[in-house]
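Spelled out, the chains give:
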Amino acid sequence: MALFETTGLRKSFGALQALDEPDVAVESGELVGLIGPNGAGKTTFFNTVTGIEDLDEGTVRFDGREITGLPPEEIAQRGLVRTFQQTRELETMTVLDNVRLGGRDRPGERTLPGIVNGRRTRDREAAVTERARELIDFFDLDGMEDEYASALSGGQRKLLEIARALMLEPKLFMLDEPLAGVNPTLERTIVDYVERLNDDGMTFLVIEHNVELLREFVDRLVVMHQGRVLADDDPETILQNDAVVDAYLGETLTGGVD
Ligand SMILES: Nc1ncnc2c1ncn2[C@@H]1O[C@H](COP(=O)(O)OP(=O)(O)OP(=O)(O)O)[C@@H](O)[C@H]1O
Ligand SMILES: [Mg+2]
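Presented here is a report on the structure given in the accompanying data block. As the structure is a computational prediction, the values presented were derived from the model and not from experiment.

The rules behind the values
Residues numbered from 1 in each chain as written. Chains lettered and ligands numbered in written order. Predicted model: local features only at pLDDT ≥ 70, side-chain atom pairs only at ≥ 80, totals over all residues. Helix = DSSP H or I, 4+ residues; strand = E, 2+ residues; numbered from the N terminus. Buried ≥ 20, exposed ≤ 12 C-beta atoms within 10 Å, placed from the backbone. Pairing = 2+ DSSP bridges. Near = placed C-beta within 6 Å. Expected span 1.5 Å × (residues − 1). Contact = placed C-beta atoms within 7 Å. Axes fitted to C-alpha atoms, helices over the stretch in contact; angles between N-to-C directions.

Brief notes about unusual backbone geometry
A positive phi is found at Glu21, a non-glycine position, where the angle reads about 65°. With respect to the helices, strands and loops of the structure, Glu21 is situated in the loop between strand E2 (16-20) and strand E3 (25-26). Even without being a glycine, Asp63 presents a positive backbone phi close to 55°. Inspection of the secondary structure puts Asp63 in the loop between strand E5 (57-62) and strand E6 (65-66). Accessibility expressed as a C-beta count within 10 Å gives 15 for Asp63, which makes it partly exposed.

Considerations on the pairing of E5
Two elements, strand E1 (residues 4-13) and E5, share five bridges in a ladder whose sense is antiparallel. Bridge assignment links Glu5 to a residue of E5, and that residue is Arg61. The turn linking E5 back onto E6 is made up of two residues, and Asp63 within it adopts a positive phi angle of 55°.

Let's talk about the site of ligand 1
Around ligand 1, the surrounding shell consists of Phe13, Leu16, Ala18, Gly36, Asn38, Gly39, Ala40, Gly41, Lys42, Thr43, Thr44 and Gln85. Among the elements of the structure, E2 and helix H1 (42-49) are those that each provide at least two residues to the shell around ligand 1. Sort the elements by how many residues they give to the shell around ligand 1 and H1 lands first, with three residues.

Examining the pairing of strand E4 (residues 31-35)
Among the five residues of E4, five are classified as buried, and the element is accordingly described as predominantly covered. Here E4 shows a buried face lined by Leu31, Gly33 and Ile35 and a second buried face lined by Val32 and Leu34. By the bridge criterion, four bridges tie E4 to strand E9 (residues 203-207) in an arrangement that is parallel. Each bridged residue has a counterpart across the sheet, and for Gly33 the counterpart in E9 is Val206. With four bridges joining them, E4 and strand E10 (residues 220-225) adopt parallel strand pairing. Each residue of the ladder has a partner; that of Leu34, found in E10, is Val222.

As for helix H5 (residues 154-166)
The end-to-end C-alpha separation of H5 is 19 Å, in line with the 18 Å expected for 13 residues at 1.5 Å each. For H5, the tally of buried residues reaches 11 of 13 residues, placing the bulk of the element in the interior. In the core, the buried residues of H5 are packed alongside strand E7 (80-82), helix H3 (95-101), helix H4 (121-138), strand E8 (172-176) and helix H6 (184-199).

Focus: the sheet that holds E8
Strand-to-strand pairing in sheets goes through backbone hydrogen bonds, with the strands running parallel or antiparallel. Pairing is mixed in the open sheet, where six strands are placed in the order E7-E8-E9-E4-E10-E11. Strand pairing shows two members of the sheet lacking a second neighbour, E7 and strand E11 (228-233), which therefore form its edges. Along the sheet, successive strands turn relative to each other by an average axial angle of 20°, direction set aside. In this fold H1 packs onto E4, E7, E8, E9 and E10, with an angle of close to 140° to the strand it touches most, E8.

So, in structure tokens, the structure goes:
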């Protein structure tokens, strides 16, 4: 059974059908890219499956259960975690506190047996801080942990956002344009982190317009267009698909999409 699977999702905004039954499945351990032109419905797909926006119709299954309509916190606690297209760091808080914040709804028992059960909150707080520091180190933001988030570059904010989301220990980590606005060097770095986490067993669904970079590290590409799945295959097959090129890639490869 797939780790994540949607069936018959529908979502409209007035007359606009943003999701028109884009059936998507992700197997445990996969690293899948989600591409498509601006307005295809990619972010709406993330928003609805993570409970941020309500669905009109359809079913979302994750980790063996139906999660359709559950509140966002509960979905995240089950391990379906996402980042946002616009980073949401709190500028007047330090890097460390921003990352710690990701752990506020953390169930705890998954990796910290015994710390939550019956022990003092202080132990839990200390564990959250320790995990936040580990993530800051992992992303080479150490040395920045006491800086205000406003001091970070656009690319570092993307890393901060990813680090904060990782506090929730995703089983499926959904990234919405993690490379947008990031310089080429840091782009590579972010891709390396994603690949390392995937090698360690984390499953990914990544929205990204940089198809040339994406094709190098994903197992599979799902192409959305007008709220539907236009194609779903390995990257090389997708990039030779005329319908995909017509809908999207011709435009992207000539620099028409941001
Ligand atoms: N809250 C909303 N109210 C009204 N229309 C919306 C809302 N959210 C999204 N839409 C519309 O739904 C369509 C899908 O938008 P969505 O943001 O999901 O696209 P996307 O594939 O993520 O695009 P991009 O690549 O530009 O981020 C667009 O036409 C958008 O204008
Ligand atoms: Mg989007």
